[in-house]
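Structure assessment
The lines below spell out each chain.
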Amino acid sequence: MAPHLDSGGDIFETPVKEALKNLMLDDDVLKRIMTKFRQDVEAGLKKATQPTSAVKCYVTYVQDLPTGSEKGRYLALDLGGTNFRVLLIELCETHFEMKSRIFAIPKAEMVGPGDKMFDHIAECLATFLKQEHLDTEPISLGFTFSFPCQQVGLTKGILIRWTKGFQCSGVEGNDVVQLLREAIARRGDIKLNVTAILNDTTGTLMSCAWRNRNCKIGLIIGTGTNACYVEKQQNAEFFDEPDKGSGNVIINTEWGAFGDDGGIDFCVTDYDREIDKNSINPGKQLFEKMISGMYMGELARLIILKFTKDGLLFGGKSSPLLEEREKFETKFVSDIEGDLQGVYTKQKPILQKLGLGHATDADMMNIRFICEVVSRRAAGLVSATLAALLNKMGEPHVTIGVDGSVYRFHPYFHGLMMHKISELVDPGRKFDLMLSEDGSGRGAALVAAVAAAKDEAVVTN
């Protein structure tokens, strides 16, 4: 369980609490967020209103969840950050075998020409296949591409915009599956059939649904944040393929852009605006910048720096590193909260590293409080949007599959979410949170496997 914010004793008598009030969201504010998010989701599902909705609700074309009986050998490419994974997955009834390798994308290729980045990815795919002695036989590939993407089919996805520090030219507005296929073809030494594209939320949902049939929401809280959920096809006006029997389709909300239209300005702070202004994509992905691991540490740093300059911390004495952007890592937030109350075993070396070795016990208590406020706001915002999805779906029991570094490594994020969702969701709705054991890689293979099974069934019939 997460400690209460007032567990620091006299902390509530200091000016720090008063200065942080605009970051401490009560249930009335969270319910306003729920209402706005529900409206945006409804708008995103409709052709007439999607263009003006901040929450686009893209159709994924994934209609069926796994049954647990999928079989075969599949390759998965999981691209969503500065590192990407290539996985070889063999499905056999209720168990699977997996081999994987992590490759890095050099910084220069993250912001250079897009064809060069895809050439690098194709080279890494070839390296992996040759290592596994699979470079001479054809194999199906599921492609997890974790950036805002509009799918126009199971194997065609148009990149809407780069996030997470990527800015490759010639990719936005184009089909990333085709770009990958062209890079593979330029090599001519491997036989890959890209049979599905999905994002990490869909992969997480599919991976968890393989073990738990109640899983109908996929959630990422890591470098970025996003969620997908199972929607009725009749509610998704952009879905234009035949129903293969489920009557459902997974919707990629792309909720990182929630608030880009000013709809949640009532809870946006000057710190959020500062982060947005200095980001690679100003004015975009505002909700993500209030929550995710790419920004949480920087949010804490901005607060700490302002409080220092205001004389509330460190006797008003700052340090060069504290004044440098992104030097307060999101990992520090988790580590500092991981200390027991009144114990600063992890916090002291962090502050010393930042040139703040002159911190007093009162300073360290306040630093912990700031970290708690930042992480609790993030958990509250995620919980509000999840509760809105749960209420909209109307299912009696939904499992939420979750992945991402913030959820995995923050000591209290799970407990904070369980508590807050329970307070916000409609009475009688049951839910649970399920950690994805292996990321979204297996999900990509499962999408390919489920699609293959459906195609075989159509041919047989």
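Parameters at a glance
- Throughout this document, residue positions are counted from 1 along each chain, in the order its sequence is written.
- Since the coordinates come from a predicted model, pLDDT governs what is reported: local features require at least 70, and pairs of side-chain atoms require 80 or more to be given and counted, while whole-chain, interface and lining totals use all residues.
- As a rule here, side-chain values come from all non-hydrogen atoms in the structure, and water together with hydrogens is ignored.
- Secondary structure counts use DSSP, requiring at least four H or I residues in a row for a helix and at least two E residues in a row for a strand, with both numbered from the N terminus.
- Here the globule rule reads 2.2 Å times residues to the power 0.38, and the radius of gyration is calculated from C-alpha atoms.
- Residue contacts are defined here by distance: any two heavy atoms, one from each residue, within 4.5 Å place the two residues in contact.
- Only the protein chains shown count as covering a residue, and every accessible area follows the Shrake-Rupley method with a 1.4 Å probe.
- Only four residue types enter the charge count: Lys and Arg as positive, Asp and Glu as negative, with His and the chain ends excluded.
- To locate a charge, the coordinates of NZ of Lys, CZ of Arg, CG of Asp or CD of Glu are taken.
- Grouping buried Ala, Val, Leu, Ile, Met, Phe, Trp, Tyr and Cys residues that are joined through side-chain atoms within 4.5 Å yields what is termed a nonpolar core.
- Each residue is placed in one exposure class: buried if its accessible area under a 1.4 Å probe, protein chains only, is under 20% of its type's maximum, exposed if it is over 50%, and partly exposed if it falls in between.
- Each residue carries a pLDDT score, the predictor's confidence in it, ranging from 0 to 100.
- Note on pairing: two strands pair once DSSP finds at least 2 bridges between them.

A tally of regular secondary structure across the chain gives 15 helices and 13 strands. Radius of gyration (C-alpha) of the chain: 23 Å, near the 23 Å computed for a compact globule of 461 residues. Considering only C-alpha atoms, the chain reaches an extent of 75 × 50 × 40 Å along its principal axes. Counting only contacts in the chain whose residues sit at least 6 apart along the sequence, the fraction spanning at least 24 positions is 72%. Carbon and sulfur atoms form 49% of the exposed surface of the chain, whose accessible area is close to 18600 Å². Within the chain, one finds 53 positive and 62 negative side-chain charges whose respective centroids are separated by 1 Å.

Ranked by internal contacts, the top residues of the largest apolar core, which has 115 residues, are Leu219 and Met417. Tallying contributions element by element places helix H12 (residues 361-393) first for this core, with 18 residues. Leaving out residues up to four positions away in the same chain, Met417 has contacts with Leu219, Ile221, Ala379, Val382, Ser383, Leu386, Tyr407 and Leu433.

To continue, consider the confidence of the model for the chain. Predicted confidence across the chain gives a mean pLDDT of 91, with 94% of residues reaching 70 or more. When pLDDT is averaged over each element of the chain, helix H2 (residues 27-44) comes out on top at 98 and helix H15 (residues 441-460) at the bottom at 68. Note on residues 6-12: pLDDT is under 50 here. Beyond four places in sequence and across chains, it has twelve contacts.

Turning to the sheet that holds strand S13 (residues 430-435), a few remarks are in order. Ordered by their spatial adjacency, six strands build an open sheet running S1-S11-S10-S9-S12-S13, and the pairing between neighbours is mixed. With partners counted over all chains shown, the strands left at the sheet margins are strand S1 (58-59) and S13, one partner each. Note: strand S10 (residues 225-232) against strand S11 (residues 248-252), five bridges, orientation antiparallel. The partner of Lys232 across the bridge, within S11, is Asn248.

Glancing now at the side chain of Ser146. As for its placement among the helices and strands, Ser146 is situated in the loop between strand S5 (139-145) and strand S6 (149-153). Sequence-distant contacts of Ser146, defined by excluding residues within four places in its chain, comprise Asp78, Leu79, Gly80, Lys164, Asn199 and Asp200.

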